[in-house]
Amino acid sequence: MDDEGDHEFVSEQVNDIVKNAVTKTLGASPYNKERVNAWTNQIIDDTLKELTKLDKPFKYVVTSVIMQKSGSPLHTGLALYWDTKTDGVSCVQVGMDTMDCITTVFAAMI
């Protein structure tokens, strides 16, 4: 019999994966607008690769935003219409000295 926990969205586990991807990609790098696209692509790719290794029955969508710190706040928002018993979302904000990164993972059970 399948263990129900194997098919749950565990936000703490996803948060750790995202934080590791962001830290690995950005490290202590200063903000550089020419590298933002490459950084976000790398964060998304690394996150998706690690999520796939969890071998859970979800379809994942990952978004990532990097903004230079300038004194202005960075806000994101989302509205969801899905089954709250099977699907999940996790939003992780990582603040660096010169930039902020917000990465969101959406998981829909398949």
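Treat the numbers as computed from the prediction; the structure is a model and nothing was measured.

1. Things to note about the state of the cysteines
Tallied over the full model, the rule gives 0 disulfides. The structure places no disulfide on Cys-91, whose sulfur is separated from the nearest cysteine sulfur, that of Cys-101, by 9.7 Å.

2. Brief notes about the confidence of the model for the protein
Residue-level pLDDT values for the protein average 92, and 95% of them are 70 or greater. For the protein, per-element mean pLDDT is lowest for strand E2 (residues 88-95), which scores 94, and highest for helix H2 (residues 36-53), which scores 97.

3. Concerning the sheet that holds strand E1 (residues 58-68)
Spatial ordering of the open sheet is given by E1-E3-E2, a layout of 3 strands whose pairing is antiparallel. Sheet topology places E1 and E2 at the edges, where each strand pairs with a single neighbour. Averaged over all pairs of adjacent strands, the angle between strand axes in this sheet comes to 10°, irrespective of strand direction. As paired elements, E2 and strand E3 (residues 99-109) share 8 bridges and run antiparallel to each other. Bridged to Val-92 within E3 is Thr-103.

What counts, and where the lines are drawn
- Residues numbered from 1 in each chain as written.
- Predicted model: local features only at pLDDT ≥ 70, side-chain atom pairs only at ≥ 80, totals over all residues.
- Heavy atoms only, no water.
- Disulfide = S-S within 2.5 Å.
- pLDDT = per-residue confidence, 0-100.
- Helix = DSSP H or I, 4+ residues; strand = E, 2+ residues; numbered from the N terminus.
- Pairing = 2+ DSSP bridges.
- Axes fitted to C-alpha atoms, helices over the stretch in contact; angles between N-to-C directions.

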